[in-house]
Amino acid sequence: MLTNDSLLKKHIPTLISMWRKNKKQNPLSQKELAEVSAHLLSLQRGLTGKRTLVGDGYMENTSKLGAYLLYYWPVSYMQIYWAAKNCPEIQNLGGREINILDLGCGPGPAATSLCDQLLQNASTKISVTLVDYSSKAVDLAAQFFSADLKSIPTEKIVCDFQKGFPPLKKKYDIIVMSHALNELWKKSPDANQRRLDFLLSLSKNLSDGGILFLVEPALLETSRNLLSLRDRLIQNGFSLVSPCQKQADCPALKAGPNHTCHAEINWKPLEPILSISKNAGLDRESVKMTYFIFKKSPMDQTVPTESGAIQTKNTAVAGKIVSDGMLNKSGRVRFLMCDGKKRIAISAKKDDPRAKEIGFFNLKRYDSICVTNPEIRGDKENQAFGINPDTNLTVIPFA
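What counts and how
- Residue numbers here run from 1 along each chain, matching the order of that chain's written sequence.
- This being a predicted model, a pLDDT of at least 70 is required before a residue's local features are given, and a value of 80 or more before pairs of side-chain atoms are given or counted; all residues contribute to the totals for chains, interfaces and linings.
- Here the side-chain values reflect all heavy atoms present in the structure, with hydrogen atoms and water set aside.
- In DSSP terms, a helix is any run of H or I states spanning at least four residues, a strand is any run of E spanning at least two, and both are numbered starting from the N terminus.
- Under the scheme applied here, a residue whose accessible area is under 20% of the maximum for its type counts as buried, over 50% as exposed, and between as partly exposed, the area being computed with a 1.4 Å probe on protein chains only.
- Here, two residues are considered to be in contact whenever any of their heavy atoms come within 4.5 Å of each other.
- Here the open area of atoms and residues is found with the Shrake-Rupley method and a 1.4 Å probe, where only the protein chains shown may cover a residue.
- The pairing test for Phe, Tyr and Trp rings, Trp by its six-membered ring, is centres within 6.5 Å, and the orientation test on the planes gives stacked under 30 degrees, edge-to-face over 60, and tilted for anything in between.
- Note on terminology: a nonpolar core comprises buried Ala, Val, Leu, Ile, Met, Phe, Trp, Tyr and Cys residues joined through side-chain atoms within 4.5 Å.
- The pairing criterion is simple: DSSP has to find at least two bridges between the two strands.
- To estimate the expected span of a helix, subtract one from its residue number and multiply by 1.5 Å.
- Arc definition: directions from the helix axis to the C-beta atoms.
- Cavities and pockets are defined on a 1 Å grid built over the protein atoms alone: a cavity is a set of grid points where a 1.4 Å probe fits but cannot escape, while a pocket is an open set with protein on both sides within 12 Å along at least five of seven lines, and lining residues are those with an atom within 4 Å of any such point.
- Grid points are joined across faces, edges and corners, and a volume is the space filled by probe spheres set on the points.
- Side-chain classes follow a simple rule in which Ala, Val, Leu, Ile, Met, Phe, Trp, Tyr, Cys and Pro form the nonpolar group, Asp, Glu, Lys and Arg form the charged group, and the remainder, Gly included, forms the polar group.
- The predictor rates its confidence in each residue with pLDDT, a number between 0 and 100.
- The angle between two axes is taken between their N-to-C directions and runs from 0 to 180 degrees, where each axis is a line fitted to C-alpha atoms and a helix contributes only its stretch in contact.
- Reported orientations rely on four angle classes, namely roughly parallel under 35 degrees, roughly antiparallel over 145, roughly perpendicular from 65 to 115, and oblique for the rest.
- By convention the crossing between two helices is left-handed if the near helix lies anticlockwise of the far one by an angle smaller than a right angle, and right-handed if it lies clockwise.
- We count a salt bridge whenever a side-chain nitrogen from Lys or Arg sits within 4 Å of a carboxyl oxygen from Asp or Glu.

Q: Which parts of the structure should I look at to understand the overall build of the protein chain?
A: Looking only at helices and strands, the protein chain has 12 helices and 16 strands in total. Relative to its full complement of 399 residues, the protein chain shows a buried share of 57%. Restricting the contact set of the protein chain to residue pairs at least 6 apart, pairs at least 24 apart contribute 72%. Roughly 18,100 Å² of accessible area belongs to the protein chain as shown, and the carbon and sulfur atoms make up 49% of that amount.

Q: Mind showing me how you'd approach the packing of aromatic side chains here?
A: Describing an aromatic ring pair means giving the distance of the ring centres and the angle of the ring planes. By the definition in use, this model includes 16 aromatic pairs. Here Trp 185 and Phe 198 contribute two aromatic rings whose centre-to-centre distance is 6.0 Å and whose plane-to-plane angle is 65 degrees, an arrangement assigned as edge-to-face. Taken together, the residues Trp 185 in the loop between β4 (172-178) and α8 (191-202) and Phe 198 in helix α8 connect sequence positions 13 residues apart. Summarising the burial analysis for this pair, Trp 185 and Phe 198 share the class buried. Aromatic side chains Phe 238 and Phe 294 sit 6.1 Å apart centroid to centroid with 75 degrees between the ring planes, which places their arrangement in the edge-to-face category. Taken together, the positions of Phe 238 in the loop between α9 (220-235) and β6 (239-242) and Phe 294 in strand β8 (residues 286-295) put the pair 56 residues apart, joining distant regions of the chain. This pair shows no difference in class: Phe 238 is buried, exactly as Phe 294 is.

Q: Just checking my understanding: could you explain unusual backbone geometry for this structure?
A: Excluding glycine, residues mostly have negative phi values, and the peptide bonds linking residues are mostly trans. Residue Pro 243 is bonded to the preceding Ser 242 through a cis peptide linkage, with omega at 5 degrees. Along the polypeptide, Pro 243 turns up in the loop between β6 and α10 (251-254).

Q: I would appreciate a short explanation of the nonpolar core in the present structure.
A: Nonpolar side chains in soluble globular proteins tend to be buried together. With 109 residues, the main nonpolar core has Ile 100, Met 177, Phe 213 and Tyr 291 as its most contacted residues. Those residues in contact with Tyr 291 that sit more than four places away from it in its chain are Ala 83, Phe 213, Leu 214, Val 215, Leu 226, Ser 242, Pro 243, Ala 263, Tyr 366 and Phe 398.

Q: What's the story with the pairing of strand β11 (residues 332-338) in this structure? I'm lost.
A: One face of the sheet, then the other: side chains in a regular strand alternate in exactly this way. Among the seven residues in β11, six count as buried, and that is most of the element. In the sheet, strand β9 (residues 317-321) pairs with β11 via two bridges, with the strands oriented antiparallel. Paired with Lys 320 across the bridge in β11 is Cys 338. Both strand β10 (residues 326-327) and β11 contribute to a ladder of two bridges, which runs antiparallel. When the bridges of β11 are listed, Leu 327 appears paired with Val 333. Linking β10 back to β11 in an antiparallel pair, the connection comprises four residues, with Gly 331 at a positive phi of about 85 degrees. Relative to strand β12 (residues 343-349), β11 runs antiparallel, the two sharing seven bridges. Its bridge partner being in β12, Phe 335 is matched across the sheet by Ile 346. Linking β11 to β12, which pair antiparallel, is a turn of four residues; within it Gly 340 sits at a positive phi near 95 degrees.

Q: Would you mind showing me how to read α8 here?
A: Residues spaced three or four apart along an α-helix face the same direction, because each turn holds 3.6 residues. Taking 1.5 Å per residue as the helical rise, α8 with its 12 residues ought to reach 16 Å, and the 17 Å between its terminal C-alpha atoms agrees with that figure. Residues of α8 that are buried include every one of Ala 191, Asn 192, Arg 195, Leu 196, Phe 198, Leu 199 and Leu 202, and no others. An end-on view of α8 places all buried positions within 160 degrees of arc, on one side of the element.

Q: Can you help me understand the side chain of Asn 388 in this one?
A: Structurally, the position occupied by Asn 388 is in the loop between β15 (384-386) and β16 (392-396). Other than its neighbours up to four places away in sequence, Asn 388 contacts Arg 354, Asn 373, Pro 374 and Glu 375.

Q: Sorry, what's going on with empty space enclosed by the protein here?
A: If you roll a probe as big as a water molecule over the atoms, it shows you where there is empty space left. Summed over all chains, the structure comprises two cavities of 30 Å³ or more. The computed volume of the second largest cavity comes to approximately 30 Å³. Lining the second largest cavity, in full, are Leu 181, Arg 195, Glu 216, Thr 222, Asn 225, Leu 226 and Leu 229. Its residues placed into classes, the lining of the second largest cavity shows three nonpolar, two polar and two charged.

Q: Sorry if this is basic, but what is going on with the confidence of the model for the protein chain here?
A: A residue-level look at the protein chain finds 88% of positions with pLDDT of 70 or above and a mean pLDDT of 87. Ignoring residues within four places in sequence, the model shows residues 298-315, a span with pLDDT below 50, making 40 contacts including any to other chains.

Q: Mind showing me how you'd approach the packing of helix α2 (residues 12-20) against helix α7 (residues 135-148) here?
A: The relative placement of two packed helices comes down to the angle between their axes together with the axis-to-axis distance. Taken N-terminus to C-terminus, the directions of α2 and α7 make an angle of 135 degrees; their axes are 11 Å apart at the nearest point. When the interaxial angle is binned, α2 and α7 end up oblique. Both α2 and α7 take part in a crossing whose hand is right-handed. Of α7, the residues touching α2 (which contributes Thr 14, Leu 15 and Met 18) are Leu 140, Gln 143, Phe 144, Ala 147 and Asp 148.

Q: How should I be thinking about the pattern of salt bridges in this particular structure?
A: Opposite charge on two side chains lets them pair, provided their charged atoms get close. Applying the stated rule across the entire model yields 11 salt bridges. Two residues, Glu 32 and Arg 20, come together in a salt bridge whose shortest N-O distance is 2.8 Å. Residue Glu 32 is found in helix α3 (residues 30-47), and its partner Arg 20 is found in helix α2; the two are separated by 12 residues along the sequence. Here Arg 230 makes a salt bridge to Asp 231, at a shortest N to O gap of 2.5 Å. Summarising the burial analysis for this pair, Arg 230 and Asp 231 share the class buried.

Q: Got a minute to help me understand the packing of α8 against α9 in this structure?
A: For the pair α8 and α9, interaxial distance at closest approach is 10 Å and the crossing angle is 50 degrees. In terms of axis orientation, α8 runs oblique to α9. When you trace α8 past α9, the crossing you get is right-handed. Residues Asn 192, Gln 193, Arg 195, Leu 196, Leu 199 and Leu 200 of α8 pack against Asn 225, Ser 228, Leu 229, Arg 232 and Leu 233 of α9. Its residues assigned to classes, the contact of α8 with α9 shows five nonpolar, four polar and two charged.

This is the structure in structure tokens:
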């Protein structure tokens, strides 16, 4: 569980004042809390299920904007924070001049999160281009940067991505698109092809070795659409660097139409996010997302131990945990692990002392693991492993 929210915490007063349209920084009143919570529930219902609010200009609605700024903005910020923190290729960008292009920026949570991390290196200099179809959203993002990140110059572009993109004047080291790709061509039968063409066209504005950072909701449809784009971007010359590094087709798509892959991080949100979610009856004990980070140029396929599958001598099986623990009828707790080529079941009796001793029952999604001397339970067609008294488990937790 990530508990260090200090970078986010400093932005909360600004978000509140942007909603109130004044500079008061006192906590939300009970009336304000009830108002935001009610509109949050409406917004949440419109962005899931039938997703009637997707691409519907909810940023233009003042009431819904309050729910977004005080709930979804912090959640989006933390999603980008976690994903970037677990990507050495992003962390290694610090200490030089960096251009960031934030597509579908909304009020700027993605670009803000990246800037906060990269500016931990005092030598880093950043410029940001904010792009959205909503002029209000772009103005809010620029207003936020002028309040909390005054040292960073920003450029504003308002355009409808589906109708064409204006020429860009420079190369970018990071192009980030957070929860926006799924809103494009959503009613088109060839939506994913259009999205791929859009990304490939924009990639011309990536610098050599530049980063393409895509985040989508962890819903079945949006997640699987991004998994499909993952494979097609690799086929078009991109190198995948996080959360996995294998350049093969995604095993989740091969596993069947109800399979997907997403990260889930436990989180105890700070105020007012905690009170708003409780008031709305929403569970915010964890944050979920599907994301991929690509590099434009070919890269060394050696997997870094900080973020990828552990590679050691005598490894029997290694990869990332891609499911929650599942208890079956025979009393075994099973996790699914992905080695980049296939999904493999690893299980143990729910009261197995060795499994408890080595931390098997504490595994979380996207933990990188290495299991040695496992019990062989499957066959060549359906690999499966178990925990026995000689099994060892090494874990690199997803932060």
